[in-house]
Amino acid sequence: DLASAKALGFEDGDSEGMVEAVSVRDVCWALELSHAHVTRAYKNGAPVEYFSTTLGRWLPGVVVVVPCRQSLDPGCPMIRYDVRLVSGQTRVDVGLNEIRPPLQDGELVEVFV
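A brief structural summary. (Residues numbered from 1 in each chain as written. Predicted model: local features only at pLDDT ≥ 70, side-chain atom pairs only at ≥ 80, totals over all residues. Heavy atoms only, no water.)

As for the overall build of the protein
A count of helical and extended segments in the protein gives three helices and five strands. Beginning at the N terminus, the succession of helices and strands in the protein can be written as α-α-α-β-β-β-β-β. Summarising the internal contacts of the protein: among those between residues at least 6 apart in sequence, 48% fall at separations of at least 24. (Helix = DSSP H or I, 4+ residues; strand = E, 2+ residues; numbered from the N terminus. Contact = heavy atoms within 4.5 Å.)

This is the structure we're talking about:
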């Protein structure tokens, strides 16, 4: 239902491609998640850049928010972040240190040499 989808971070108009990553079990868990106080770093479908250690550069993609039960406290729901790259590949359970919001035109950056 709509409340379950919103608990997962889906908003009206989200790409149907994002929904395919959600199982029935995940939607049921989303009902519990919707009543918990979970702060997400990224919304589902948010554009991000993922750092590829293989290529040594940042790649564009979008976040897929996935609820999971991998918590030491069974009453504490958790989420994980997958990243669907524009190439079509998906990186599962990426750390927050591996993704960032895309740089904007004119944004100041620091370069370490």
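With respect to the environment of Leu59
Considering the arrangement of structural elements, one finds Leu59 in strand 2 (residues 57-68). Residue classification places Leu59 among the buried residues on the basis of a relative accessible area of 13%. Once residues within four sequence positions are removed from consideration, Leu59 is found in contact with Val48, Glu49, Tyr50, Ser52 and Leu85. (Buried < 20%, exposed > 50% of the residue type's maximum accessible area, 1.4 Å probe, protein only.)

Structural notes on unusual backbone geometry
In this structure, Asp93 takes a positive phi of about 55 degrees despite not being glycine. On the basis of relative accessibility, which here comes to 46%, the residue Asp93 falls in the partly exposed class.

Some remarks on the sheet that holds strand 2
Spatially, 4-3-2-1-5 is the arrangement adopted by the five strands of the open sheet, whose pairing is antiparallel. Two strands in the sheet have a free side with no partner beyond their single neighbour: strand 4 (90-91) and strand 5 (99-100). (Pairing = 2+ DSSP bridges.)

Bear in mind that shape data such as this cannot, by itself, settle questions of function.
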